[in-house]
Amino acid sequence: MIYTNVNNVPFAIALWLADDTYAGSNNLDKKQISVTSLLKPIKQLILGKHAPEVEADVISFLASRNGTAVHDAIELTLKSGRYKRAALKLGYDQSDIDRMVVNPTEEYMLANPNAYPIYSEVRTSKFVGDWEVNGEFDLVVNGQVEDVKNTKTYSYTKGSNDDKYIMQGSLYRWLNPKIITKDKMAINFIFSDWTTIAAATQSNYPATPTIAKQYQMTSYQATELFVMTRLREIEQLLLVDLKDVEDQMTPCSDEELWRSESEFKYYSKPDAVRATKAGFTSYVEAAHYMATEKKGVGLVKEIKGQVKACNYCKAFPVCKQKNAYILSGELIPTRSA
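A brief structural summary. Only a predicted model underlies this, so the values are computations on that prediction, with no experimental measurement involved. Once a new chain begins, its residue numbering starts again from 1 and follows that chain's sequence as written. Thresholds applied to this predicted model are a pLDDT of at least 70 for local features of residues and 80 or more for the giving and counting of side-chain atom pairs; totals over whole chains, interfaces and linings are not thresholded and use all residues. Only hydrogens and water are set aside when side-chain values are computed; all heavy atoms of the structure are taken into account.

Moving on: the packing of aromatic side chains. Each aromatic pair joins two rings of Phe, Tyr and Trp (for Trp, the six-membered one) with centres within 6.5 Å, and gets the label stacked for planes under 30 degrees apart, edge-to-face for over 60, and tilted for any other angle. For the structure on display, the rule yields 11 aromatic pairs. Centroid distance Phe264 to Tyr283: 6.4 Å. Interplanar angle 80°. Geometry classified as edge-to-face. With a gap of 19 residues between them, Phe264 in strand S12 (residues 263-267) and Tyr283 in helix H13 (residues 283-293) connect regions that are remote in the sequence. Burial classification: accessible surface area is computed with a 1.4 Å probe over protein chains only, and a residue below 20% of its type maximum counts as buried, one above 50% as exposed, and the rest as partly exposed. Take Phe264: its relative accessible area is 10%, and that puts it in the buried class. The class for Tyr283 is partly exposed, based on a relative accessible area of 48%. Per the convention used, a helix needs a DSSP run of H or I reaching at least four residues, while a strand needs a run of E reaching at least two, with both numbered from the N terminus.

The subject of this paragraph is empty space enclosed by the protein. In this analysis a 1.4 Å probe is tested at points of a 1 Å grid over the protein atoms alone, and where it fits but cannot get out there is a cavity; an open set with protein on both sides within 12 Å along at least five of seven lines is a pocket; lining residues have an atom within 4 Å of a point. Grid points are joined across faces, edges and corners, and a volume is the space filled by probe spheres set on the points. Per the stated rule, a full pass over the model turns up one cavity of 30 Å³ or more. One number sums up the size of the largest cavity: a volume of about 30 Å³. Element by element, the count of residues in the lining of the largest cavity is highest for helix H4 (residues 62-79), at three residues. Under the convention adopted here, Pro, Cys and the residues Ala, Val, Leu, Ile, Met, Phe, Trp and Tyr are nonpolar, Asp, Glu, Lys and Arg are charged, and Gly plus all remaining residues are polar. For the lining of the largest cavity, the residue count by class is three nonpolar, two polar and three charged.

Time to look at the packing of helix H9 (residues 162-175) against helix H11 (residues 220-238). Two numbers describe a pair of packed helices, the interaxial angle and the distance between the axes. One way to put it is that H9 packs onto H11 with a least axis distance of 9 Å and a crossing angle of 100°. By the criterion of interaxial angle, the relationship of H9 to H11 is roughly perpendicular. Residue-level inspection shows Met167, Ser170, Leu171, Arg173 and Trp174 of H9 in contact with H11, the latter providing Tyr220, Thr223, Glu224, Phe226 and Val227. Among the residues making up the contact of H9 with H11, the classes are represented as six nonpolar, two polar and two charged. An axis is simply a line fitted to the C-alpha atoms; with a helix, the fit covers only the stretch in contact. Between two such axes, the angle follows the N-to-C directions and lies from 0 to 180 degrees. The labels follow the angle: roughly parallel below 35 degrees, roughly antiparallel above 145, roughly perpendicular from 65 to 115, and oblique for the rest. Any two residues whose heavy atoms approach within 4.5 Å at even a single point are treated as in contact.

On to the pairing of strand S7 (residues 131-136). Of all six residues in S7, five are buried; the element is thus mostly enclosed. Taken together, the six bridges between strand S6 (residues 123-128) and S7 define a ladder with antiparallel strand orientation. Looking at S7, one finds that Thr124 is bridged to Gly135. At least two bridges found by DSSP between two strands are what make those strands a pair. Here S6 hands over to S7 after two residues, with Gly129 in that stretch at a positive phi of 65°.

Spelled out as structure tokens, the structure:
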């Protein structure tokens, strides 16, 4: 990927934004794939492999680099040993602090069964047939896998990424069954748009700007079946010619497209260009307005929500699905097609 700086981001910040530290091993031709890639839309994987190198402005990586910076800071606190001093400040007993150990070996844990293990940023891999699946979890605290997510409150209140979080944690357990021994995982949210007003007035809103949420993970057997099914699908698609391969793929879902919610509008006449009333969140709500306020006269139309993920997808230059969204107005491209 070629980076640009069209917004004239300050030099030092631009260098930081252009510094990609992702260490995942991904090479479909060599049958190497990461947990992160297994969870990506299949089109992004297969079509992205054939896409030409594209330009990306560094400012578009601000959110992801902030997330990486938080991960790096937590890792430094743990691996530097400073966590002991921090734990003491938090009021932990010295005896409990002495039990804490970061990234212990299996031999250490066997010799010290009362230890409190904390694993940070450990990369492991496992073979499934000829495929090597690899992944690096954020944290495993005393047997529970945890991930830190820098995100907007929408992800917490709507649960839009819950299934992805659960499968990600389940895949890490599948890779590390001796380290990850608990059936529940945790997502430690840090919200970029949290406000005190919303917390005080909205019932489903997080009470604090950072909060943990527990999830029940998928069973080891079901997770392994997911991996095997996904790898089989990838293998089959890699054998298909590029000009035909997209026709054999399942279209990206609304969740994968980051589609916003649809809006429903009431039109007094079927051929009207402008809506008489807009802002309805469901067809039922709009139809009720038409039936009660307009005596059943007129028409309700669904205005599909905008898709956003395409602009960040590696397969953008060669994807037919995104072309249809551009034509329909459901996608406003921020990069050349």
